[in-house]
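# Inside the fold
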Amino acid sequence: MQAKKRYLILLSAGTCLVLLFYFGGVQLPSSGRNRHDRSHNGYRPDQPWPHFSDPLQQFLLWDQPDTEEYNIHISPRQKRDVNTSVYKGKRCRMDSCFDFSACKRNDFKVYVYPQQKGEKISESYQNILSIVEGSRFYTTDPGQACLFILSLDTLDRDSLSPQYVHNLKTKVQNLHLWNNGRNHLIFNLYSGTWPDYTEDLGFDIGQAMLAKASISTEIFRPNFDVSIPLFSKEHPRTGGDRGYLKYNSIPPFRKYMLVFKGKRYLTGIGSDTRNALYHVHNQEDVVLLTTCKHGKDWQKHKDARCEKDNAEYDKYDYREMLHNSTFCLVPRGRRLGSFRFLEALQAACVPVMLSNGWELPFSEIINWNTAAVIGDERLLLQIPSTVRSIHQDKILALRQQTQFLWEAYFSSVEKIVLTTLEIIQDRVLQQESRSTLMWNSHPGGLFALPQYSAHLGDFPFYYATLGEYSSQSTNRSHVFMCHPCSHPPGLPIPAHPQAAGVCCQITIIVLWNCDKPLPAKHRWPATSVPVIVIEGENKVMSSRFLPYETIVTDAVLSLDEDTVLSTTEVDFAFTVWQSFPERLVGYPARSHFWDSNKERWGYTSKWTNDYSMVLTGAAIYHRYYHFLYTNFLPASLKGMVDQLANCEDILMNFLVSAVTKLPPIKVTQKKQYKETMMGQSSRASRWADPDHFAQRQTCMNKFANWFGGMPLVHSQMRLDPVLFKDQVSILRKKYRDIERL
Amino acid sequence: MCASGKYSSRGPALIPRMKTKHRIYYITLFSVVLLGLIATGMFQFWPHSIESTADWGLDRRSVHDAPLIRLPVSNPIPERGDLSCRMHTCFDVYRCGYNPKNRIKVYIYPLQRFVDEVGVPISSTGLSREYNNLLSAISDSEFYTDDVTRACLFVPSIDVLNQNSLRIRETAQALAMLPRWDKGMNHLLFNMLPGGPPDYNTALDVPRDRALLAGGGFSTWTYRQGYDVSIPVYSPLSADVELPERQPGPRRYFILSSQTAIHREYRAELERLKEENGEALLLLDKCSNLSQGVASARKRCYKGQVFDYPQILQESSFCVVLRGARLGQATLSDVLQAGCVPVILADSYILPFSEVLDWKRASVVIPEEKLPEMYTILKSIPHRQVEEMQRQARWFWDAYFSSMKAIGMTTLQIINDRIYPYAACTYEQWNNPPLVKWSSVNSPLFLPLIPPRSPGFTAVVLTYDRIESLFRVITEISKVPSLAKLLVVWNNQNKSPPEGEKKFKCPECTAIDGLSLDQTHMVERSECINKFASVFGTMPLKVVEHRADPVLYKDDFPEKLKSFPNIGSL
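Residues numbered from 1 in each chain as written. Chains lettered and ligands numbered in written order. Predicted model: local features only at pLDDT ≥ 70, side-chain atom pairs only at ≥ 80, totals over all residues. Heavy atoms only, no water.

## Focus: the overall build of chain B
When its secondary structure is counted, chain B shows 16 helices and 17 strands. Considering chain B as a whole, with its 570 residues, one finds that 51% of them fall into the buried category. At a minimum sequence separation of 6, the contacts of chain B that also span at least 24 residues come to 73%. When the accessible surface of chain B is summed, it comes to about 28800 Å², and 57% of that surface belongs to carbon and sulfur atoms. (Helix = DSSP H or I, 4+ residues; strand = E, 2+ residues; numbered from the N terminus. Buried < 20%, exposed > 50% of the residue type's maximum accessible area, 1.4 Å probe, protein only. Contact = heavy atoms within 4.5 Å. Areas by Shrake-Rupley, 256 points an atom, 1.4 Å probe, with all protein chains shown as cover.)

## Focus: the UniProt feature "coiled-coil region" (unreviewed entry) in chain B
UniProt annotation of "coiled-coil region" (unreviewed entry) refers to residues 256–283 of chain B when read in the numbering used here. As annotated, residues 256–283 of chain B has a helix share of 50% and a strand share of 18%, and its two end C-alpha atoms lie 6 Å apart. (UniProt positions renumbered as here; feature names shortened; annotations may be inferred.)

## Details of the packing of helix α11 (residues 383–401) of chain B against helix α12 (residues 404–419) of chain B
Residues and elements named next belong to chain B. The interhelical angle for the contact between α11 and α12, taken along N-to-C directions, is 80°, at an axis separation of 7 Å. Taken together, α11 and α12 sit at an angle that is classed as roughly perpendicular. Of the residues in α12, those in contact with Ala399, Tyr400 and Phe401 of α11 are Ala406, Ile407 and Thr410. Its residues assigned to classes, the contact of α11 with α12 comprises five nonpolar, one polar and no charged. (Axes fitted to C-alpha atoms, helices over the stretch in contact; angles between N-to-C directions. Parallel < 35°, antiparallel > 145°, perpendicular 65-115°, else oblique. Nonpolar A, V, L, I, M, F, W, Y, C, P; charged D, E, K, R; others polar.)

## Examining the interface of chain B and chain A
Contact residues are listed per partner, giving 144 residues for chain B and 138 residues for chain A. Counting each side, the surface lost to burial between chain B and chain A is near 12700 Å², with a carbon and sulfur contribution of 57%. Viewed at the interface, chain A and chain B are joined by seven salt bridges. One salt bridge in this structure joins Arg547(B) and Asp726(A), with 3.2 Å as the shortest N-O distance. The interface formed by chain B and chain A holds 42 residue pairs in polar contact (both at pLDDT 80 or more) in total. (Buried area = accessible area lost by both parts, 1.4 Å probe. Salt bridge = Lys/Arg side-chain N within 4 Å of Asp/Glu carboxyl O. Polar contact = N/O pair within 3.5 Å; in protein donor to acceptor, adjacent residues only side chain to side chain.)

## Points about the confidence of the model for chain B
All names here are of chain B. Considering every residue of chain B, the mean pLDDT works out to 85; 86% of them sit at 70 or more. Note that pLDDT drops below 50 for residues 47–58; the model gives that stretch ten contacts with residues more than four away or on any other chain. Scored below 50 in pLDDT, residues 501–513 makes 17 contacts in the model with residues more than four places away or belonging to other chains. The complex model carries a pTM of 0.87, and its ipTM stands at 0.86. (pLDDT = per-residue confidence, 0-100.)

## Regarding the packing of aromatic side chains
Taken as a whole and judged by the stated rule, the model has 49 aromatic pairs over all chains. An aromatic cluster of at least three residues, connected via ring pairs, comprises Tyr452(A), Phe459(A), Phe461(A), Tyr462(A), Tyr624(A), Tyr625(A) and Phe627(A). The ring of Tyr309(B) has Arg300(B) sitting right over it, with the charged end atom 3.9 Å from the ring centre. Over the face of the ring belonging to Phe254(B) we find Lys379(B), whose NZ or CZ atom lies 4.2 Å from the ring centre. (Phe/Tyr/Trp six-rings, centres within 6.5 Å; stacked < 30°, edge-to-face > 60°. Lys NZ or Arg CZ within 6 Å of the ring centre and 35° of its normal.)

## Points about the nonpolar core
Core analysis: the biggest nonpolar cluster contains 106 residues, and Phe327(A), Phe190(B) and Ile419(B) have the highest contact counts within it. Of the residues forming this core, the biggest block, seven residues, is contributed by α12(B). In terms of nonpolar packing, the next biggest core, distinct from the first, is built from 80 residues, Cys146(A), Leu336(A), Phe404(A) and Trp406(A) among them. (Core = buried A, V, L, I, M, F, W, Y, C linked by side-chain atoms within 4.5 Å.)

## Here we look at the pattern of salt bridges
All names here are of chain A. If you walk through the whole model with that rule in mind, you get 48 salt bridges over all chains. Among the ionic pairs, Arg221 bridges to Asp225, the shortest N-O distance being 2.8 Å. Comparing Arg221 with Asp225, the two get one shared label, buried. Among the charged side chains, a salt-bridge network with shared partners connects Arg136, Glu422, Asp426 and Arg434.

## Notes on the state of the cysteines
Residues and elements named next belong to chain B. Applying the stated rule across the entire model yields nine disulfides over all chains. Each sulfur in the disulfide pair Cys319 and Cys340 lies 2.1 Å from the other. Here the disulfide of Cys319 and Cys340 is right-handed, its torsion about the S-S bond being about 105°. Of the two residues, Cys319 sits in strand β12 (residues 316–322) while Cys340 sits in the loop between α9 (331–337) and β13 (341–345), which places them 21 residues apart along the sequence. Cys152 supplies the cysteine sulfur nearest to Cys425, a cysteine that is in no disulfide, at a spacing of 16 Å. (Disulfide = S-S within 2.5 Å.)

Here it is in C-alpha cells:
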C-alpha cells in the first residue's frame, strides 16, 4: 500500500513538472517572437499605450491665456447682454430668461393671479393655488413678487381631455403682468395627445419656467425648468400618508423580486417596452403582467398574446404585489412618467426605471441613484440579472431612501409644490441655497432652511454624516430664560459653578415680556455668567422662540421664571441633549390621544406610561428650532399662539416631531413640576384657569390640521443617570442630587 | 448551528475515520491537484512577466515612430456635435454589455501622425505631455482593454486638449478616419481649452458627430447634461510645485486675486473693492519689470512688491477665479491646491465634475454682476464654514485635479456610473474627504423608524453548558409578550444540547456568574477592546451618562398603574 502511494505521488509530480516545462517552453519563444515583431515595426496595434521617451510639449503655453485675454475688446457686460438676448425659448436659462432684480435679497415672494369669473379650474390646480396662497412665500402685491403663477388651469394640456382649457393663448396674452412669461411658473401634468403625445402645451409659454411632469431631457432646460412627479386627482392636499415601511427586515428580500402590472398599448408611441415585458416574466419571482383591455376598441389591435396575458393579469392583485416585492418596474407609458412611480416609492418597493429620456422628478436636487435603479429600455432583458446582482445592504439602503424621499417631497400636493418653489428659491438666492447633502438626507430640504447658516455643522442633523469635527460646538451650553411677567426673578441655576464649568459657554438671556418696568439692577442676583435682558417688543408668546443673535451656542435651555430646577438636573439634561442634539429634551411631559367619541385629538397632563411632548418651560433643544419656529411656521399658527398666550410649547413639540419623526426625550427630575410649587406667580394662575386646558386641546387640533396629520410620536422611555436609584453608595453617583428629596 | 449537535461531532473526525485505502487515494488525488494548481499558476505568471519586462525594454520609443497618415482634402468631415445627444440616443450601450465588475472597457487608438496632403501636421504641438500622461493613465487602469471588439468606449490618440494648436477641419477629418468612428458613437474626446478668437466658443469647435466631450469650460448652453463631462483645466504648475497642505483657518488676506489676464472692467471693479476694504484684499498682477518667460509665470506683483505664485495663494482665505476669454481657468486648480476657497465669477459656467461634486461645500459662486458685492457676500459666511470649505477645496484638488491621471480617471468613473447606475459611487464617496469618511457614522438603518410591536423580536441565547441557568433564562424570556422566536446557540463542542424539556445536571453548572468577576477575564476583555480599536483605527465606542428607564420608573406612584413595574427590583 505505502509503496503504491509513493509511486502515485511521484508519478503525478513528474507529470506536472513535464507539463509545466512544456507550456513554459512553448510560451517563452512565442513571447520572444512578439518582441522581435514589435522591435521590427516599432509598432504593434492593440497594445497598451507606450511610454514615449521624447520630450513632449505642454498643451498650454505659459503665455497663451495672457495673449488671448488681451486680444479681447468686448466688454464682459456687453457679453452678458448678448447672452441674455440670444438664449431664449428652448434655450432659456436663469441667466437669460429670469429677472433677478424682481426678487429683492432674502425675499422670495410668489404672486398668484386672482381667479377670473367663469374660468373653470380643476381640483388639482385649485389645490396647487391654495397651497401657494397658504405658504410663507405668498404675496398679494405683484410689485413685491419674484415669481408669478397663473390662475388659468394649465395642468391638463391634452386637447382631448375634458379639463382642457381652450383659447389659453389669447387668455394668457391678455394678462397685463404676463410680460412674455418672464418670472412665471407654469404647472403642467399632461401635454400632447394621441397619437404622438408631444410635449407642446398648446400655447406660447414665452420665457416662463415649466414645472412639468413626464418632461423629457430633450425639452428640459437644466436649472430653469423643474421636473415634477405625475400625481393623481386623489393625491392628498396636505400631510399625506406616510411610507409603508414600518420596520426593516433583514435579509431585505420580499416574496417577489420584481413586479409590474399595467396596460399594454400594442401599437404607437411608448408601446415597445411594455410589449416586450413578457420575455422577462417568469411567473415566480419576476411577475410582469400586462393587459390589452383599455380604450374602446382594444379588440381591433389585439395580438396573439392578448388572451393569455389578460388571463394572467387577472390572477394577481396589484396591491398585494406592490407590498410584497423588492423591486417595482416603472416602465414608460404613453408619456414618460407614470403613476407607478409614486406608488412604488410609497410602498418602499424600489422603483426600477425603464423610461429612457425622462428627466426624473426634482432631478436637480435628488440623487435618484440612492433610491431607484435607473434601467435602460434597450437593456430590458438584463434587468432581472441586474436587480439580482444588487447587494442586500444596497437594497436596504435604497428601500429606506424611498421612504425618506416619499415623506420629504412627494407624499402630498403641498410637498410637491413647496419643493418646486424651494428649488427656484435656491436658484434665486444663490448664496443661501441648500447643498446636495441637505436635500438628500434626513430631514430633507423643506425642513433645512439655508437662510439659517451656510455651515452644515450649525444644523442638528448632519453630525453623523459629517463626522466628528463638525460637531465640536455641541459642547457648549446656553441658558435662556423666558419671562412672561413677574416679580424679580430668582435665578436657580447659573450661579452654581459646576454648570458654568470650563467646557461650557453660558449666557443667560432674560426675555422681559412684562408690562411692568425692569427691576432695578441691585435686585438681580449676582452670577458668574453674563446676563442679557431683552425686552420683548410685542410682549407675545412667540418671542420666546425668536432666533436672537445673542444666542451663539447650539444648545438652548428654555425656562419659565417659575421653573424649579436644580443645577444637577440641568447639567444632566445637557449631557443627554449632547447625545440627541436634534430632539427636545425636557422634564415635565404631556401626552396626546385620539378621542374617538369626539373624533378629535385630546390633550392630557395625567401621569401616564407614555408621553409625546415635553414642556418648553424647562427644556433643552438646538437653537436651529428657534429659527425654524419663526421662519417655517405660518403666521396663522403663530398668531393663534400669541393671541391665546398659550400653546407655544405644543407648537414647538409639533414642529420638532414633524422634523425628526421621533418623540421628545424626558429626563429625570427631582421634584415634580407641580402647580403647587409655583407659589403665587401669575403663571400659576394661568395654569389654574380651566379655559387654559380647553385652549390647549383646540390648539392641538388646529396644529394637526395644518401639519396635515399628527406628527407627535409617543415614547415610553425616560432617561435617567446611569446609577439612578441603584443600590450603590450615593457617593459613587455623579448626579446624586437628583435622587435626594 | 442552532440547537443542533451535528456539527461538533463531524468536522474533526473526517480523516481518522476513513479507511487507509481511501486515505491514500485522497492524498494522491490531493497532491496531483495541488501540483496541477502550482503548474497552472506558474504557467499564468511566467509568460506575463516576460511580456511586461519586454514592454519595459521597449519603453524608449519615440512618437516619431508612429505611422504617418495623409489626409486627402476631400475626406469627409463629421457633423457638428448634436446638442440633443443623450446617453439613450447617441450612445450604443450594447457595446458595454453586462459584466459582473460593472466596469466599462476603454480602448485607446494607437498613435498616428496625421498630416494634410502637403505634409503639414494637423496640430502644431502633436501629442502633448499632458495628453500622453492621460492616455498612459487610462492604459494602466482597470478600464483599459486592448481588444477593440470588446471596447465600450474609444479614446482617440489625437490630442485635442488645446483648440489653439489645432487645424479644425483636418482634425475633424482625422477623427472621421478612425476605423471604429461610426458617427462618433462611444468616442470620448478630451478638451480643456475650447474655442478661439474672437468669440471663444465654450465647447470644442472641431466637428465631432456624436462623440462625447470631456470639456473644460462648458457653459450651460453647450453642455449636454448627462452626456458630456465637465472637466477642469489642468494647471501645469500642479506637477512642478508642491504645496504642503495647510491647516484650515483664517489667513493673512481675506480675498486674493492672482489672475494676470483680467478684463480691465473687472480689474477696475476689483480695485474699487480694494480701495473700500484695504488690507483685506490683495490684488496681484503680472510683474512688469521681470523678463518675459516661463519663470515669470511663477511670480506676481503688487506695486513693485514681488510674490511667489502659487505659494501666495496659501496666504488668503478666499481666492478670486474670474472668467477670462474662456469660462474654464487653470487658476481654479492652483487655488484649490493652495486650500484657498475659490470665489468663482463665471456666469453660466458648468463647474468641473459638477455631475458628482457638491461645489457648494468647496466654493462660492457669485454672479459676475455682483462682483462689487463680493466682499459683503464673503463676510457673511461663518468662519467654520470657511474652514470646512478650505479643507474641502484641498481635498477636491488631491482627489480630482492634481494630475492628468486624476482628471482622466474621474471622467471615466463618471461615465461608468452612468452606464451602471446601480453600481455608481455615492455622494459620500465622491464628496467626503478621508477625514470625514473615517469619523462619520453611516448607520445602515438611517431612517427614523419606530417599529411596531407586531412582528416582535427574536431572542438569541448563547450557551455553553450551564443548563439550569439556560432554562431559567428561557422560561423568563418566553413570558415576554413581544417575543416572536427564541434561538439557542449551542456553543459546546463536547456535548450535545439537551433534547426537549428533559433536564439533566452537570457538576460545573453550579458556578454561575463567576465569570465576570474573574480577574483574568477582565484583562482579556481589555485586550479585546484594544485590539478592536486598533483594527477600527479609532475608538468607535462613545461614553454616555444616561440610561433608558420606563417613564414612571421608581416614581412615587401605584405600581399597578405602571407599564413596567418590575424593573430594577432585584
